[in-house]
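This is what each chain is made of:
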Amino acid sequence: MVIAPQTMLGTAALLVAVFVLGFWLRRSGKPYSGPVMMVHKLASLAALILFILAVYRIHKATPLETSALAAAVLTVVFFVAAIISGGLISIDKALPPAVKVLHRVNPFLSLLAIAVTLYLLP
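Peer 1: Explain helix 1 (residues 5-28) to me, and be specific about the residues and the numbers.
Peer 2: The end-to-end C-alpha distance of helix 1 is 34 Å, a good match for the 34 Å that 24 residues give at a rise of 1.5 Å each. Close packing links the buried residues of helix 1 with helix 2 (34-61), helix 3 (66-90) and helix 4 (97-120). Immediately beyond the C-terminal end of helix 1, within one or two residues, lies Gly29, with a positive phi of roughly 75 degrees.

Peer 1: Any details on the packing of helix 2 against helix 3? Residues and values, ideally.
Peer 2: Where helix 2 meets helix 3, the axes come as close as 11 Å, and the angle between the chain directions of the two elements is 165 degrees. As the angle between them shows, helix 2 and helix 3 are arranged roughly antiparallel. In the packing of helix 2 onto helix 3, the handedness of the crossing is left-handed. Every residue of helix 3 that contacts helix 2 at Met37, Lys41, Ser44, Ala47, Leu48, Phe51, Ile52 and Val55 is listed here: Ala72, Thr75, Val76, Phe79, Val80, Ile83 and Ser90. When the residues that make up the contact of helix 2 with helix 3 are grouped by side-chain class, the tally is eleven nonpolar, three polar and one charged.

Reading the values: rules and limits
Residues numbered from 1 in each chain as written. Predicted model: local features only at pLDDT ≥ 70, side-chain atom pairs only at ≥ 80, totals over all residues. Heavy atoms only, no water. Helix = DSSP H or I, 4+ residues; strand = E, 2+ residues; numbered from the N terminus. Expected span 1.5 Å × (residues − 1). Contact = heavy atoms within 4.5 Å. Axes fitted to C-alpha atoms, helices over the stretch in contact; angles between N-to-C directions. Parallel < 35°, antiparallel > 145°, perpendicular 65-115°, else oblique. Left-handed = near helix turned anticlockwise from the far one by under 90°. Nonpolar A, V, L, I, M, F, W, Y, C, P; charged D, E, K, R; others polar.

Note that every value here comes from positions in space, so none of it alone points to a role or purpose.
Written as C-alpha cells, this is what we have:
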C-alpha cells in the first residue's frame, strides 16, 4: 500500500513548520511568543498524529515487518520525547542542561527515524 501523497505532503509541511518555528523561538529567546509557541506545539502534535495514522493504515493493509514496526515505534518515542522536553523548556523553571540538549537533538533523531521508517515500509 502506498501512503497518500496528501499525507506525506502534509506531514512534510508540518515538519518544516515545526523546525522553522523552533529555530525562530530559539533565536527570539524567553519569554517565548505565545502564538508562535502554540503553532509550534500544534504542528508537532499534528505531524505525529499524521505519521501514526499513516503507519497504522499501512500496517492494517499489509502487516509490517518487525524492523519497520520497531522503526515506527522508535520514531514515536523520539517525537514524544521532543514534545515533552519542549514543554519542559517552555516553563519558567531552571532545568538541567540535559533537557535543552535532549530537545535540540530529538527533532533530528525523529527526522532520521522517520526516514528509516519510510524506507522500511512496504
